[in-house]
Amino acid sequence: MTTASMFSDSEILEYLQGSNEKELFDKAYRCLAEGLGTTVLYRGLIEISNYCRNNCLYCGIRAGNTSASRYRLDKEEILGCCKRAVESGYGTFVLQGGEDNKHSIEWLENLVKTIHSEYPNHTITLSLGEKSKDDYIRLYEAGARRYLLRHETATRQHYYQLHPDSMSFENRMECLRNLKEIGYETGAGMMIGSPYQTYNHLLSDLRFLENFQPDMVGVGPFINADNTPFSDYTNTLLAPDDEASIRLTLRVIALVRLLVPKANIPATTALFTLGKSITMDECVKAGANVRMFNVSPEDAKEKYNIYNGKSDGK
Ligand code: 5AD
């Protein structure tokens, strides 16, 4: 049995376009306060490699960007980042990286096992892209408990406007289903104002999230990345300028809060990069409850340029 959604399609479309923004934020904040509570949860983000086999058209570390300066942290460096995260009081390590061909499953498994044995009371979150179900199982058994894999867009045709044909919309969705089935706390999400995105695409994303009920939802503004096919792109409909992009991102966060009430929702680095003066408090008032701090080494932070001007979350 499916329960009726709290919002009709036309209500969602109106909220997306900015009607009754204050009412929307108030509802989302109340939902957060009555559900998870408004205490912000902190995570330590470790960017383990910016090598990537994929060629997502929007991403600054796409394989085709030969101007990107590449790096890969070794095990000792990653353990050093975990130590820094623990010293800062962060209970969760988020290991994020491109789909690096040099990261064998054995190496990753060993890494996760080592972190898990050194920090048995900390949670290991992975964000390393698409893998086989067997590999996801091995990493779960090694001690990882959460996995972030944004769906990017729930509209098949839009997916192929953002990704090359060598990637597969079906596989991405299959990966998300596998992660959930294995028992990971699973994270999905999408960019706001991505190329060719329309309000109807966002409506489909919200319906997908409402139906899938992920444990985490990452939503951040699209930001141009140099040396990519979309380096000069502006979505004139959804995000004609930075301010519009930020406001729409906050409205989407609020709608996600109401449609996926138990989800942990970060105020993303991309949001703070675009909105220099935005505060975590404003994000909480729209329903967000997680903040990630980058604990990667300085030279890694400088090179993990998925988009221009990436802030380190400080
Ligand atoms: N702007 C904003 N977000 C981006 N991502 C990748 N490239 C960009 C960009 N140019 C997001 C994608 C990906 C996550 C790691 O970062 O949604 O899933």
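About the cut-offs
Residues numbered from 1 in each chain as written. Predicted model: local features only at pLDDT ≥ 70, side-chain atom pairs only at ≥ 80, totals over all residues. Heavy atoms only, no water. Near = heavy atom within 4 Å. Polar contact = N/O pair within 3.5 Å; in protein donor to acceptor, adjacent residues only side chain to side chain. Areas by Shrake-Rupley, 256 points an atom, 1.4 Å probe, with all protein chains shown as cover. Nonpolar A, V, L, I, M, F, W, Y, C, P; charged D, E, K, R; others polar. Salt bridge = Lys/Arg side-chain N within 4 Å of Asp/Glu carboxyl O. Helix = DSSP H or I, 4+ residues; strand = E, 2+ residues; numbered from the N terminus. Buried < 20%, exposed > 50% of the residue type's maximum accessible area, 1.4 Å probe, protein only. Contact = heavy atoms within 4.5 Å. Pairing = 2+ DSSP bridges. Axes fitted to C-alpha atoms, helices over the stretch in contact; angles between N-to-C directions.

Draft legend 1. Representation of the site of the ligand within the structure. Around the ligand, the neighbouring residues are Tyr58, Cys59, Arg150, Glu152, Met191, Pro221, Phe222, Ile223, Ile306 and Tyr307. The separation between a nitrogen atom of the ligand and a polar main-chain atom of Tyr58 is 3.0 Å. Taking Glu152, its side chain carries an N or O atom lying 2.5 Å from an oxygen atom of the ligand. In isolation the ligand has 400 Å² of accessible area, and contact with the protein removes 87% of it. Its residues assigned to classes, the shell around the ligand shows eight nonpolar, no polar and two charged.

Draft legend 2. Just the pattern of salt bridges, in detail. Tallied over the full model, the rule gives 20 salt bridges. Here Glu21 ties to Arg247 by a salt bridge, and the two come within 2.4 Å at their closest N and O atoms. Residue Glu21 is located in helix α2 (residues 21–34), and its partner Arg247 is located in helix α9 (residues 242–259); the two are separated by 226 residues in the primary sequence. Looking at Glu21, the relative accessible area reads 18%, which means it is buried. Here Arg247 falls in the partly exposed class, since its relative accessible area comes to 25%. The closest approach of N and O atoms between Lys83 and Glu87, which form a salt bridge, is 3.2 Å. Of this pair, Lys83 and Glu87 both sit in helix α3 (residues 75–87), four residues apart, which is roughly one turn of that helix. Via salt bridges that share partners, Asp9, Arg207 and Glu210 belong to a single interconnected network.

Draft legend 3. Broad picture of the environment of Thr114. Tracing the sequence through the fold places Thr114 in helix α4 (residues 105–118). You can call Thr114 buried: its relative accessible area is 16%. With 78 residues separating them along the chain, Thr114 and Ile192 place their C-alpha atoms 36 Å apart. Sequence-distant contacts of Thr114, that is, excluding residues within four places in its chain, are made with Lys75 and Leu79. Polar contacts involving the side chain of Thr114 include one to the main-chain carbonyl oxygen of Asn110, which spans 2.8 Å.

Draft legend 4. Summary view of unusual backbone geometry. Residues other than glycine seldom take positive phi values, yet Tyr196 does so here, at roughly 65°. Examined against the element boundaries, Tyr196 turns out to sit in the loop between β5 (185–192) and α8 (199–212). Given a relative accessible area of 41%, Tyr196 falls into the partly exposed group. Even without a glycine there, the phi angle at Gln213 is positive, about 45°. The partly exposed category is assigned to Gln213, whose relative accessible area is 34%.

Draft legend 5. Geometry of the pairing of strand β8 (residues 290–294). With five of its five residues buried, β8 lies for the most part within the structure. As defined by bridge partners, strand β1 (residues 41–49) adjoins β8 across five bridges and the pair is classed as parallel. When the sheet's bridge partners are listed, Arg43 is paired in β8 with Met292. Pairing between strand β7 (residues 266–267) and β8: two bridges, direction parallel. Directly across from Ala267, in β8, lies its bridge partner Arg291.

Draft legend 6. Broad picture of the sheet that holds β7. Strand order in this open sheet of eight strands is β6-β5-β4-β3-β2-β1-β8-β7, and the pairing throughout is parallel. At either margin of the open sheet sits one strand with a lone partner, and together these are β6 (216–221) and β7. With three bridges joining them, strand β4 (residues 146–148) and β5 adopt parallel strand pairing. Paired with Arg146 across the strands is Glu185, a residue of β5. Running at roughly 165° to β6, α9 makes contact with β5, β6 and β7 of the sheet.

On their own, these measurements won't tell you what the molecule is for.
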